Every structure is written in C-alpha cells, then in structure tokens.
Amino acid sequence: MRTVLSIEELSIALPKGADRPHAVAGISMKIAEGEILCVVGESGSGKSMTANALMGLLPPGVTVDGGRAVFDGQDVLSLPETERQKLRGSRIAMIFQEPMTALNPLMRIGEQISEVFAAHGMYTQTEREKRALSLVTEVGLPDPAKIMRAYPFQLSGGQRQRAMIAMALALEPELLIADEPTTALDVTTQAQILDLILDLRTRRGMGVMFITHDFGVVAEIADKVIVMEKGIAVEQGTAAEVLENPQHPYTRRLLDAIPTGRLPEARALEPAPVLEIKGLRKVYRTGGGLFREAREVRAVDDVSLSIRRGEVLGLVGESGSGKSTLGRTVVRLVTPDAGQVLVGGTDLAALSEEELRRSRNKVQMVFQDPYASLNPRHRILRALTAGPVAMGKPKPDAEAKARELLEIVGLGAETADRFPHEFSGGQRQRIGIARALAMEPELIVADEAVSALDVSIQAQVLDLLRDLRSRLGLSILFITHDLRVAAQLCDRIAVMQKGRLVEIGAVHDIFLAPREGYTRDLLAAVPGADWAAENRTRGFA
Amino acid sequence: MIRRFASNKGAVIGVLILLIVIGLALSADLLFPRGPWAMVQRPFLVPFTMDGFPLGTDTLGRDVAAGLVHGARVSLLVGLVSTIVALAIGVPLGAVAGFYGGWADEGAMRFTEFFQTIPNFALAIVLVAILEPTLTSITSAIAIVSWPPVARLVRAEVMAVKRREYVDAARLAGLSNFRILTGEVLPNTVSPIIVMASLMVATAILLESSLSFLGLGDPNAMSWGYMIGAARTVIRSAWWLSFFPGVAILVTVLALNLIGEGLNDALNPHLSRKGTA
C-alpha cells in the first residue's frame, strides 16, 4: 500500500514558561492509503498539536523545531504558506470536534460546500452546486435538497458533523485529519459518524488520522494505533496488538481505566428509600406571544422512581433526554410543574424559599464542569464551609470538618487554604465532592460529574465515589451519558428518552437483558461494545 | 496582574502622567500660595518672556500656571467623586436587575432608559442650572448623567456570572440571595467595572470642563474649562490662554484612557490582543 503521509521525528517547541519544553518530542508515524491511524492520548498529550502542525494551524508562540512530515514527496512543514494553503483542503482535509463553531453560522450548508470549490477556483457555479448536492447525499444527510438550503443552527449536532465531513471531502483529499470529531456527540450519533468515516475510507481509499481520547472508539475503527503521553509516543502498533497486548505501562493504565462494562456484583441494600420521586413533570415554554403558540418542551414527563439508602442509581440518556433537568429538580435548582420529590418524608418540591433554605443540606450536587463549579475568588476552605456555616454550624467545627473531608477525598488538609486555580480538573472535582459531603446530605446528585475528565482521572474519581459509597453509605443519583461509566458504579440504571423514563432495573438486567428497544440501541452504540463484550467473556472464562 | 499591566507601555506612561497631575494638584498651595485668582502681573503677558510666569498671564493679569495647577484639583476631584457616586447608583441597580430578573429587571431597566433617552450633556446643563452651580451640584449632575451605562454593564455581567455552576452550588449551600449576590456574583464582575470606572473619570473631567466652559462652573473654583471659556473672546490675540488649559485636559484624559486600556488588558488576559500562549 502506498504511504500517504510519513512523519519523521517531529518536534514541536512550546514557548518558554510552559510546563514542558516540547508539546511533541520526536514523533514518527506513517499512514498508508485507506488506513485509519488513531492517535490516542489524554488532554495535554500533544495529539492535537501534531495535527495542527501538519495543517499549519499552530497557535502563536508554538513552533515546529525539528523533523519532517512527508506528504506526496515533499516536506509539508517546510513549505511556504502559499503552497501549504493549496494543499490544505484540497489534498489534506481536517474536521474538528465542535462542528457548530467550525461552520459559518450565516451561510447555508450548500453555499459553504460550494465555497470550497470556489476557493480553489474550480468548476462553474452550477457544477459546484451539483457536486455539493452529491456530497451532501454521500455523507448520508436526510433530504439533501432541503439540507443544502439550511443554516447550521437548523441542523442537529450529528448532521452538522456530517456537513463538515462533506466539506472536507469536497476536493477528494488523500488524507483526512479528524480531531476528536465525535466527542461532542451522543453515543448513537457517534456510532453513525464512525460508520460513515469507515465507509468513506473504503469507498475513497483515503488515509485517516483520527485523534481521540477514547479507546472504545479506537477499538471500533483503528487499523493502527499510536499512544501519546506528554508529547512522546509511548507505544505504536496495529490496533489488535495494542488493544490485546499493550506493552507500555501507560497504555495498560489507560486501557484499565476505561470502563469496560465489566459489571459490578449486585449488593444487598436496605429497602428504606432515601428519595422518592412521584409523577414529576417539568415543561419549558419558549417563544410565543399574542399571535404565536409557545413552543413546549417536556423536559421531564411524568417520572416516578425511588433510590434506596446506600444505593447508586445511574440515570442515563442522550442530550436532551431531560436527565439533567431531573437532577436539578431533585436538588430544586429547578422547581417542577407537578409531582413530588420526597426526601426523608419532606416534599422538597413544595417547600417555600425560606423552608427550602433550611432543608438544602438534605440533597447536594456535584457539578459537571470542574472549572466553573468553584468560585475562582474564594479559597477552598470558604467553598467548603459556606454551606455548613449558613446552616448554623459554628465556624471552627465547619473548618475542622472541611479539613477532614479534604483528607477523605484524598487531597490533604493543607490544601484548604489554596485557590481553585491551583488545582487540576480531577482535583477540583474531588473538592466538589468534598463540598457536597460537607453538608452531610442524605443524597448526592452527581450531574455528569466525571464526563469532563480524562479517562485515568475519571477512573480515580469513580474509585473515590465507590469508596465513599461503601465507607459512608452514600446514596447517589449518578447522571451520565456514558453507559460504560454507569455500569462501573451503579446498582441500578434508569434510562431516559425525551423526558420519559424508558426502563429502570438492576445493572445486570439492563446490560444483559434490556427490555426496551431504545436501551438496546444505546447499548449497541457504545463504542467498542463488541470488544468490551469479548473482554467480558474472557474475564469470566 | 501587575506585571501584565506594567508590560503595557501606554498604560505605564498614563500612570506617570496621572501621578504628575495628582502631585501638582496636591502641592498647588505650596507652588502657588497666593491662589489662582490673585492678579500678579500686567494682563496678557506672553509665555516664556518673564521669569516666574512661564505660561504668561490672562486678561486680568492672573498667573496661567497657577490656574492650571489649582484647576487640576477641581478636575480630578469632580472626576473622581462623580465616578464614585455614579458607581454607587449604577452597581446596586444593575446588580439587582441582573440577579433577580423579572419585574425588578423590567423596572430598573425602564428607569435607566428614562435617563438614557435624554442627551447627557443637556441633562447636566439643566440640573446645574436648576441647582445653582457649585462643586457639589456639578459633581452630582455629572454622576446622575453617567450612571446608566454602569447599571447596564453590571446587569449584563451579573446575568452571565449567575449562570455559573458555583452560583448553583452556593444556592445548594443554603446561602441567602443577598449573600450569593454580594459574596459570589459581584466579586467576579469587578474587573470590567474597574476598567469602566477609569474611563468614566476621564469623561467626567471632560463634562466638567464643558460645563465650566459654558459658564456653568462653580464661580469660586478655578477650573480648566472655565479658563478656556474665559479666554475664548481673546483667542486670536492671546492664544496661550486657551491653549495650555486645553493641553492639560487632553493630557489628563489621555492618561486616564491609557490606564483604562491597560487595566482592561491586565484584567481580561483572554481579550488582550497580544498572544500570551
């Protein structure tokens, strides 16, 4: 097979004062025609920098200081900007993580695709449109003629990513660089996009450099894998070699850290419920006026469920399924339209502002974004004590408890006097957990609490939660879009779709014998599901 | 942050100029103990012709340099105090509007618009004319016309910050709305307010000068605007009478603008045009 791209000893220098001298140090790789090379690594591993260097999109201050990237006999890195621009788009194309920001919001999809031809001065206007239409059809967008006339905001996330791929394919590139193209998408959509990329690869014979942090995705599509850690390629080989027989400890750690869907043993629980939700409804109305009907979205539609003391209930669903609204209703950041939220006998949904403030400690929340959930101007100690002090606990007691909690979540009491910016994402999430625990709640709602973290950090935080569950008898409503994560921690799983509770049951039942079609679809769409299942059977054998 | 501010040359120059102006204003009584109103030489003395009167004298034989230095006091004082008053009105109003939303927001914003629909300067003239021109009335008039943009800015900032997750967390901690607003939200809106305030001092100085120019200044306080206004009838024969106060206004306002921009870059590093990487 012909080699499309060969990178030799590529080094990218970071500006002085960065945490390490090189973003990428001496990386070599080869991509052949029709081959998919997955570049895997956690955030900060330099995987995106490699792609940006190829496209000449490095941020200011970051420079290539060694190595070559040979594409079609010439070194891309030493080409002058004008030459490189000709290459970009026409022979090397790139798709990005966030298709909304990568598309021009003011241009129709059809125009954006034809513009690619126009930029390279190809074809007449009518010919351009014809080709754009055939591309839109090729990437499997429904109703191509209508999509051509649509603006980006009218498409869903998956459709936008398809439109991006259509643009990337316009000039029949020999190499496609995909930078985390499915990370922002739901599992079912992700599965479709991965299928599309696989299909296009075989039909067009392009080489694909696929950057991802998810080994599930790797198992799904990779021919070859290169694992990066802190700018160094620690392991490379064929997908089978790396996945089945990882050599480097870092790779092994990453693989171990992935939630494989190995199911936890069912535990015995006392039957007393901590939380009972009865007939909960929340409808959002937007727009509307004198002459127009308001648009109604049933975010939570008649949901009833209960969580027993010491139980972890996973709430799983795709974006827009209403799982976050449900979580926010349970802590009453959102007031439901109807229904009851019973915690220890009190209906939180019916309390007045004043009564609510006194009962706030019963249910606490751990938030998704570790960077937004701590006030940047407050020391950790203040974040942990504000709640208990407001509940009437004497300040010295609250401070002593806060330090103790910081020990429990594995940060050490001395960290209390620092500011949030001194901590990494995983550490901040631990602080978030400590903050929730400081209120001595009966139930913790964790809203996508590990979704923003790298896999290895994710595994540590999950370990912490598991440990706390057994040590403190914690009850958790664990909201996640990732079934693999849910399987690791939860006793039972509830699946939501469009505001309705589709199915609820023990983890084993949901994973091994799902009753509803939607649950089956979700399970099938999990990247690397087959590979994980294989592992599981091997694990049992 | 101080390092980032210091790396901006314009801002450092601005600070230096402002420090000089402040220094002159503070030592006005030492430098010119006889005050700005004393007639000390023959009228229309051309600058740089007599020792001790480097900037010449005006139509009544008063020292222009003394006027400038004493005028600096009035300009800085009016600029600073009116800005503080404007912040004192605008920040709470904007914060309440942004934080509580709904009717509080509607009411506060319609009230703000009421002030915004009347041209600033016209309103200031009317207020000063009604209240009699004294330093207090001028300062309050300037404050009254300049708080609406503050209220708008604070409202927008508060609306953005109150959606952050740490505000939700504070709500879950059972903190009262007032404590969330003052403890969690407002401290995180401070940087743009500081930047705006530095620019407002500059506008206030300009407004005060314009009022004095029109003869609506405090008759007992020498100010730059008054000096220019008094000299406009003789501008063709005695250019220096309006030129030096004009330069003083220009330089001070420029200094404040430079500082404002430097603060903006230092406090919002993400928006700074230079790559920090």
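Residues numbered from 1 in each chain as written. Chains lettered and ligands numbered in written order. Predicted model: local features only at pLDDT ≥ 70, side-chain atom pairs only at ≥ 80, totals over all residues. Heavy atoms only, no water.

Counting all residues, the mean pLDDT for chain A is 85, and 95% of those residues have values of 70 or more. Averaged over each element, pLDDT in chain A is lowest for helix α21 (residues 529–540) of chain A (59) and highest for strand β18 (residues 476–480) of chain A (93). (pLDDT = per-residue confidence, 0-100. Helix = DSSP H or I, 4+ residues; strand = E, 2+ residues; numbered from the N terminus.)

Okay, the nonpolar core next. All names here are of chain A. One finds Cys38, Ile113, Ile165, Phe210, Phe215, Val225 and Val227 to be the most contacted residues of the largest nonpolar core, which totals 56 residues. Top contributing element to this core by residue count: helix α7 (residues 157–169), with seven residues. For Ile113, the contacting residues outside a window of four places in its chain are Ala132, Leu135, Val136, Ala166 and Met167. Grouped together as the second largest cluster of nonpolar side chains are 51 residues, Ala383, Ala434, Leu483 and Val507 included. (Core = buried A, V, L, I, M, F, W, Y, C linked by side-chain atoms within 4.5 Å. Buried < 20%, exposed > 50% of the residue type's maximum accessible area, 1.4 Å probe, protein only. Contact = heavy atoms within 4.5 Å.)

Our focus in this paragraph is helix α11 (residues 224–231) of chain B. All names here are of chain B. With six of eight residues buried, α11 lies mostly within the body of the structure. Inspection of α11 places Trp224, Gly225, Met227, Ile228, Gly229 and Ala231 among the buried residues, and these make up the whole buried set. Of the surrounding secondary structure, the elements contacted by the buried residues of α11 are α2 (9–26), α4 (64–100), α10 (190–213) and α12 (240–267).

All names here are of chain B. Evaluation of the coordinates by the stated rule reveals 43 salt bridges over all chains. The shortest N-O distance in the salt bridge between Arg110 and Glu113 comes to 2.9 Å. Taken together, the positions of Arg110 and Glu113, both in helix α5 (residues 102–116) and three residues apart, correspond to about one turn of that helix. (Salt bridge = Lys/Arg side-chain N within 4 Å of Asp/Glu carboxyl O.)

Residue and element names in this part refer to chain A. Unlike most non-glycine residues, Glu9 shows phi in positive territory, near 50 degrees. Position of Glu9 among the secondary structure elements: in strand β1 (residues 3–13). For Arg332, which is not glycine, the phi dihedral falls at a positive 55 degrees. Within the element layout of this structure, Arg332 appears in the loop between α12 (323–330) and β14 (338–343). Here Arg332 falls in the buried class, since its relative accessible area comes to 13%.

This part covers the sheet that holds strand β12 (residues 295–308) of chain A. All names here are of chain A. Taking strand neighbours across the sheet as the criterion, the four strands line up as β12-β11-β14-β15 in an open arrangement whose pairing is antiparallel. Edge strands, defined here as strands with exactly one partner in the open sheet, are β12 and β15 (346–347). Along the sheet face, α12 touches β11 (273–286), β12 and β14 and points at about 120 degrees away from the line of β11. (Pairing = 2+ DSSP bridges. Axes fitted to C-alpha atoms, helices over the stretch in contact; angles between N-to-C directions.)

Residues and elements named next belong to chain B. All told, the structure shown has twelve aromatic pairs over all chains when counted by the stated rule. Measuring from ring centre to ring centre gives 5.4 Å for Phe243 and Phe244, while their planes differ by 75 degrees; the resulting arrangement is edge-to-face. Assessed through its relative accessible area of 43%, Phe243 is described here as partly exposed. One aromatic cluster is present, formed by Phe111, Phe114, Phe115 and Trp147 through successive ring pairs. Above the plane of the ring of Phe213 lies Arg232, whose end atom (NZ or CZ) is 5.4 Å from the centre. (Phe/Tyr/Trp six-rings, centres within 6.5 Å; stacked < 30°, edge-to-face > 60°. Lys NZ or Arg CZ within 6 Å of the ring centre and 35° of its normal.)

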